[in-house]
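# Report on the structure
The primary structure of each chain is shown beneath.
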Amino acid sequence: WTHPPYRPTIEDGRMVGRGAGDMKSGVAAFLHAFLAIRRAGFEPASELILQSVIEEECTGNGALATVQRGYTADAAVIPEPFDHTLLTAQLGVLWLRVTVQGKPTHVLEATAGVDAIRAAWRLTEELRRIEAEMNAPEVRHPAYADAVHPINVNVGRIQGGEWPSSVAASCRFEARVGFFPGDTTAAELSARIEARLRAFAAQDDALAASPPRIEWVGFQAEPYEIGRDEGPLPALAQAHAAVLGGSPASLASTATTDARILGRAGGIPTTCYGPRANAIHGIDEWVDLDSVHDVTRVLTRFIASWCGLRRAPERRA
C-alpha cells in the first residue's frame, strides 16, 4: 500500500483506504442524504429504513436476517460503488472446496507416491474448461453479450503438502463459480459441476484411486434481474438526470450483491447505485470524493421523490 490501509488518505480528490470505496462511501452518502433533508427542515413523509449488514461478501446472511425479522419496503437501493450506473442484472455465485488425498513418499522415491498438489491442479484445469464453456457466446445471457469475460471461475485459495522433500499427502483448494440469470439454479449447477469433476477424476489414475472430496461452502447465491422500468429504477434515473444530466447506464454485474436477497427472498424491488471507486478488495483502494458528493445529491432527490417530504417538527434543546 502507498499509505497504511486503515488510515484514510486524501490525494487528488480521492480517498484511499481499505473499504473506502466498498463500501463505506455508499453508506456515508446515504447518511448525508438523510442529513441534507433534515438540515433543509424536512423529513421523509413515509418510512425510510437504513440497513447496514454483515456477510454480503460470503453468504448474504446479514441481509437475509433483516428479511427474516420482517423488514420490508416498496423499494431498496444498495449504494454499491458501481460508478453511477443502475444495476439490472447480477450473476449467481457458488463457492466450493475440493480436497485431494495423495500418497506421500520421500522425494528419493517420488515416482512411487501420488502428488496431491498436482492431482488437485488437474481438477482446477477442468474447472477452467467449464469456465470457457460457460462463456461461449451462444450460451450467454443477453445482458452480458458485450462483456469481455462475464463468467469467472476463480481458484482463490490453495493449501497442500507438508515440506519440500516429501510428495504431498493432501491438497485443498477453494474456488468461486459465477453463472448467468435464467441459466439454472444454484442447486442444479452445483450438481452439474460436481458430476463433471467426478467424471474427470474417474478418468485420472491418481484421482480414481482416491476420489476427491467436494464440498459446497459459503455462497450458494442465485442470480437476480430487474427491469429498467421496475421498482425504484425510474425514479433513480430521474434523480440522476436532474443532478448529473443524461440517463444512467444499466449494469449487468459479473459479481453478486445483496440485491438478490432483498429482491428474491424479500420480494423488494432492488437495485444498486453508488459512487466511482477502484481497486476494491485490492491494494490502494480509492473512491472519488466528488462522486460521493454527486451520489449524495442523487439519493437526496430520490428520497424526496419516492417518499415525499413534510416539514420536520422543531427540536427543542
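A brief look at the structure comes next. (Residues numbered from 1 in each chain as written. Predicted model: local features only at pLDDT ≥ 70, side-chain atom pairs only at ≥ 80, totals over all residues. Heavy atoms only, no water.)

## Looking at the nonpolar core
Proteins that are soluble and globular tend to have nonpolar side chains buried together. Ranked by internal contacts, the top residues of the largest apolar core, which has 35 residues, are Val-77, Leu-236, Tyr-273, Leu-299, Phe-302 and Ile-303. Listing elements by their share of this core, those giving two or more residues are helix 1 (20-39), helix 2 (61-68), strand 4 (76-78), strand 5 (86-90), helix 6 (233-244), helix 7 (259-265) and helix 8 (289-307). Top contributing element to this core by residue count: helix 8, with seven residues. If near-sequence neighbours (up to four positions away) are discounted, Leu-236 is found in contact with Val-77, Leu-86, Thr-271, Tyr-273, Val-298, Leu-299 and Phe-302. (Core = buried A, V, L, I, M, F, W, Y, C linked by side-chain atoms within 4.5 Å. Buried < 20%, exposed > 50% of the residue type's maximum accessible area, 1.4 Å probe, protein only. Helix = DSSP H or I, 4+ residues; strand = E, 2+ residues; numbered from the N terminus. Contact = heavy atoms within 4.5 Å.)

## Quick notes on the layout of surface pockets
A volume near 1,100 Å³ is recorded for the largest pocket. Along the wall of the largest pocket there are 41 residues; nearest its centre are Leu-50, Gln-51, Val-77, Ile-78 and Pro-79. Of all the secondary structure elements, the ones that give two or more residues to the lining of the largest pocket are helix 1, helix 2, strand 4 and helix 8. Considering each element in turn, the lining of the largest pocket owes the most residues, seven residues, to helix 1. Of the residues belonging to the lining of the largest pocket, the class tally is 23 nonpolar, eight polar and ten charged. The computed volume of the second largest pocket comes to approximately 750 Å³. (1 Å grid on protein atoms, 1.4 Å probe; cavity = no way out; pocket = protein on both sides within 12 Å on 5 of 7 lines; lining within 4 Å. Points joined across faces, edges and corners; volume = space filled by probe spheres on them. Nonpolar A, V, L, I, M, F, W, Y, C, P; charged D, E, K, R; others polar.)

## A word on the sheet that holds strand 6 (residues 92-101)
Taken in spatial order, the four strands of this open sheet run 7-8-6-9, and their pairing is antiparallel. What marks the edges here is a single partner per strand, and that holds for strand 7 (153-160) and strand 9 (213-221). In this sheet, neighbouring strand axes are inclined to one another by 15° on average, regardless of whether the strands run parallel or antiparallel. Examined bridge by bridge, strand 6 and strand 8 (residues 170-179) share ten bridges and lie antiparallel to one another. Opposite Gln-101, over in strand 8, you have Ser-170 as the bridge partner. Against the sheet, helix 3 (residues 116-134) engages strand 6, strand 7 and strand 8, with an angle of about 10° to strand 8. Sheet strands in contact with helix 4 (residues 186-202) are strand 6, strand 8 and strand 9, and its direction is about 155° off that of strand 9. (Pairing = 2+ DSSP bridges. Axes fitted to C-alpha atoms, helices over the stretch in contact; angles between N-to-C directions.)

## Regarding the environment of Val-107
One can find Val-107 in the loop between strand 6 and helix 3. A sequence separation of 38 residues divides Val-107 from Arg-69, and the C-alpha atoms of the two residues are 57 Å apart.

## Some remarks on the pattern of salt bridges
The tally for this structure, following the rule as stated, stands at 15 salt bridges. Between Glu-194 and Arg-198 there is a salt bridge; the shortest N-O distance is 3.1 Å. Of this pair, Glu-194 and Arg-198 both sit in helix 4, four residues apart, roughly one helical turn. With a relative accessible area of 34%, Arg-198 lands in the partly exposed category. We note a salt bridge from Glu-215 to Arg-213, for which the minimum N-O separation is 3.3 Å. Three or more residues joined by partner-sharing salt bridges are found here, namely Arg-97, Glu-174, Arg-213 and Glu-215. (Salt bridge = Lys/Arg side-chain N within 4 Å of Asp/Glu carboxyl O.)

## Notes on the sheet that holds strand 2 (residues 14-16)
Read across the sheet, four strands follow the order 1-2-14-13 without closing on themselves; strand pairing throughout is antiparallel. A strand with exactly one partner marks an edge of an open sheet, and here the two such strands are strand 1 (9-11) and strand 13 (277-278). Strands strand 2, strand 13 and strand 14 (286-288) of the sheet are contacted by helix 1, whose axis makes an angle of about 40° with strand 14. Against the sheet, helix 8 contacts strand 1, strand 2 and strand 14, and its axis sits at roughly 55° relative to strand 14.

## Things to note about unusual backbone geometry
Glycine aside, residues mostly have negative phi, and peptide bonds are mostly found in the trans state. The residue after Asp-22, namely Met-23, is reached through a cis peptide bond having omega 0°. Looking at the secondary structure, you find Met-23 in helix 1. Here Asp-12, not a glycine, exhibits a phi torsion of approximately 50°, which is positive. Its place among the elements puts Asp-12 in the loop between strand 1 and strand 2.

## Here's the deal with the packing of aromatic side chains
Two numbers describe a pair of aromatic rings. These are the distance of the centres and the angle of the planes. Scanning the entire structure with this criterion turns up four aromatic pairs. Ring geometry for Trp-95 versus Phe-219: centroids 5.3 Å apart, planes at 80°, classification edge-to-face. Taken together, the residues Trp-95 in strand 6 and Phe-219 in strand 9 connect sequence positions 124 residues apart. (Phe/Tyr/Trp six-rings, centres within 6.5 Å; stacked < 30°, edge-to-face > 60°.)

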